[in-house]
Amino acid sequence: TEPGNHTLLSGFVLSGLSKHSELQHLLFFTFCFIYITTIIGNLLIFMVTVHPSLRMPRYFFLQVLSFLDILTASMFVLKMLVNLLSEDRSISYMGCAMQLYCVIFLGATECYILAAMAYNRCVAICNPLRYAVIMNSRVCLSLVLLSCCSGNVVFVVQTAWVFALPFCGPRKINYFCDIPPLIMLSCTETSLYEKQIIIATALVIFTPFCLILVSYACVISSILKISSAEGRHKTFSTCSSHLIVVTLYCASVTLIYLQPTAGYSQDTKKFMPLTYTAITLLLKHLIYSLRNKEVKEVLIR
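Residues numbered from 1 in each chain as written. Predicted model: local features only at pLDDT ≥ 70, side-chain atom pairs only at ≥ 80, totals over all residues. Heavy atoms only, no water.

A. The overall build of the protein chain, seen in detail. Of regular secondary structure, the protein chain possesses 11 helices and three strands. In the protein chain, the succession of helices and strands from N to C terminus is β-α-α-β-α-α-α-β-α-α-α-α-α-α. Scored against the burial criterion, the 301 residues of the protein chain give a buried share of 48%. Of the roughly 15,300 Å² of accessible surface on the protein chain, a fraction of 69% belongs to carbon and sulfur atoms. (Helix = DSSP H or I, 4+ residues; strand = E, 2+ residues; numbered from the N terminus. Buried < 20%, exposed > 50% of the residue type's maximum accessible area, 1.4 Å probe, protein only. Areas by Shrake-Rupley, 256 points an atom, 1.4 Å probe, with all protein chains shown as cover.)

B. Structural detail: the nonpolar core. Membership of the largest hydrophobic core comes to 65 residues, with the highest contact counts inside it found for Phe12, Cys96, Leu114, Phe163, Ile179 and Leu182. If you tally residues by element for this core, the top one is helix H3 (residues 93–126), at 18 residues. Excluding its chain neighbours within four sequence positions, the residues that come into contact with isoleucine 179 are Leu100, Ile104, Gln158, Trp161, Val162 and Ile197. Residues Phe28, Tyr35, Ile70 and Val77 belong to the second largest nonpolar core, which totals 15 residues. (Core = buried A, V, L, I, M, F, W, Y, C linked by side-chain atoms within 4.5 Å. Contact = heavy atoms within 4.5 Å.)

C. Representation of the environment of isoleucine 91 within the structure. Mapped onto the elements of the fold, isoleucine 91 is located in strand S2 (residues 90–92). Sequence spacing of isoleucine 91 and cysteine 177 is 86 residues, and the spatial spacing of their C-alpha atoms is 9.1 Å.

D. Examining H3 more closely. With 34 residues, H3 extends 50 Å from end C-alpha to end C-alpha; this agrees with the ideal 50 Å at 1.5 Å per step. In terms of burial, H3 is a largely internal element, 25 of the 34 residues being buried. (Expected span 1.5 Å × (residues − 1).)

E. Layout of the confidence of the model for the protein chain. When pLDDT is averaged along the protein chain, the result is 76, and 81% of the positions lie at 70 or above. The least confident element of the protein chain, judged by mean pLDDT, is helix H9 (residues 266–271) at 56; the most confident is helix H4 (residues 131–134) at 88. Within the model, the stretch residues 1–8 combines pLDDT values under 50 with seven contacts to residues more than four positions away or in other chains. (pLDDT = per-residue confidence, 0-100.)

F. Expanded view of the pairing of strand S1 (residues 11–14). Here three bridges tie S1 to S2, and the two strands are oriented antiparallel to one another. Within the sheet, the bridge partner assigned to valine 13 lies in S2 and is serine 90. With two bridges connecting them, S1 and strand S3 (residues 172–173) associate as parallel partners. What sits directly across from valine 13, in S3, is lysine 172. (Pairing = 2+ DSSP bridges.)

G. Seen up close, the sheet that holds S2. Strand order in the open sheet formed by three strands is S2-S1-S3, with mixed pairing between adjacent strands. The sheet terminates laterally at S2 and S3, the two strands that pair on one side only. Relative to the sheet, H3 contacts S1, S2 and S3, its axis offset from that of S2 by approximately 85°. (Axes fitted to C-alpha atoms, helices over the stretch in contact; angles between N-to-C directions.)

H. Geometry of the packing of aromatic side chains. Under the counting rule described, the total for this entry stands at two aromatic pairs. Ring plane angle 75° and centroid distance 5.5 Å describe the contact between phenylalanine 28 and phenylalanine 29, whose orientation is recorded as edge-to-face. Owing to a relative accessible area of 17%, phenylalanine 28 belongs among the buried residues under this scheme. Residue class for phenylalanine 29 comes out exposed when judged on its relative accessible area of 56%. Between the aromatic rings of phenylalanine 60 and phenylalanine 61, the centroid separation amounts to 5.8 Å while the plane-to-plane angle is 55°, which identifies the pairing as tilted. (Phe/Tyr/Trp six-rings, centres within 6.5 Å; stacked < 30°, edge-to-face > 60°.)

I. Seen up close, helix H5 (residues 137–162). Between its terminal C-alpha atoms H5 stretches 38 Å, which fits the 38 Å expected from 26 residues at 1.5 Å a residue. All of the buried residues along H5 are Cys140, Val144, Ser147, Gly151, Val154, Phe155, Gln158, Thr159, Trp161 and Val162. Residues of H5 that are buried sit in contact with helix H2 (57–85), H3, helix H6 (179–184) and helix H7 (191–224).

J. Region of the structure containing the packing of H3 against H5. Orientation of H3 relative to H5, taken along the N-to-C sense of each, is 145°, at an axis distance of 8 Å. Crossing of H3 against H5: the hand is right-handed. Only Leu143, Val144, Ser147, Cys148, Ser150, Gly151, Asn152, Val154, Phe155, Gln158, Thr159 and Val162 of H5 make contact with H3, whose side of the interface consists of Leu100, Tyr101, Ile104, Phe105, Ala108, Thr109, Tyr112, Ile113, Ala116 and Tyr119. Here the residues of the contact of H3 with H5 sort into 15 nonpolar, seven polar and no charged. (Left-handed = near helix turned anticlockwise from the far one by under 90°. Nonpolar A, V, L, I, M, F, W, Y, C, P; charged D, E, K, R; others polar.)

K. Representation of the environment of leucine 165 in the model. The topology assignment puts leucine 165 in the loop between H5 and S3. Classification of leucine 165 by relative accessible area gives buried; the value is 4%. Put simply, leucine 165 and tyrosine 193 are 28 residues apart on the chain and 9.6 Å apart in space, counted from C-alpha to C-alpha. Among all residues touching leucine 165, those that are not within four sequence positions of it are Ile183, Ser186, Thr188 and Tyr193.

L. Fine view of a nonpolar patch on the surface. On the surface, Ile36, Ile40, Leu43, Leu44, Phe46, Met47, Val50, Phe67, Leu71 and Leu299 cluster together into a nonpolar patch covering about 860 Å² of accessible area. Taken together, the elements giving at least two residues each to the nonpolar patch come down to helix H1 (24–48) and H2. The element contributing the most residues to the nonpolar patch is H1, with six residues. By secondary structure assignment, the location of valine 50 is in the loop between H1 and H2. In this structure valine 50 comes out as partly exposed when scored by relative accessible area, which is 40%. (Patch = residues over 30% accessible without salt bridge, like charges linked within 9 Å, V, L, I, M, F, W, Y side chains within 5 Å. Salt bridge = Lys/Arg side-chain N within 4 Å of Asp/Glu carboxyl O.)

As structure tokens, then:
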């Protein structure tokens, strides 16, 4: 496209998951099951963790995480289900901007919440006598608000430069608005913007991940000092579910945003975001509920 000959786009068209119409209903029922299971699972976790016996900081953070997962599933998976059965898959320019806001804000906030949960585990295991004083309700609420503010700052910066790009040509994108598919619609050179994605991903993913690693290095050091093998196993098992979720979430997001745009086929580019919009959301609440003895006991009661 020649400079000065750009087309002003009033909206975009979501391309959907598959070009084969016979697969639309199968995909709809598959992801409908995932969505319903995710919502019910996170609602159960949310309701169980407000039980008086579970009024502890770790479960407060779990409540926040479940609430973020419900918002994420409702924003992305529900929209995808509507598109699977709808002939009109268009989305307005402002609607795409709002969807991108939710992608960045919810994702960045969740990363920092996972870091706050790791810090909470570190204090609980490394400094148990002062745990109630250090992790009081004011500190927990401050960590959640700080996570939300950090996610909002990332949103403002990222969304501003993405929608400052000139869009032209075919206006089809994958089943929701995200930075990589929007950059591919740009009429200008995007190598600089792709580098900015890497920097932003490093700040949003690797900064909390490094904090998590430091926290669990302290946790492992304290666990090794426990003389009883049973005590070491019990203490480590309380941290394993969080480590699994952190690894699953950070690895899936890193694969999407740090992979060059030319590295995947079009079908792969469509299905890779499902690892953190649908499948990861489904697995997270199962991991937290099935591996947590206290949650299972309250749920049974």
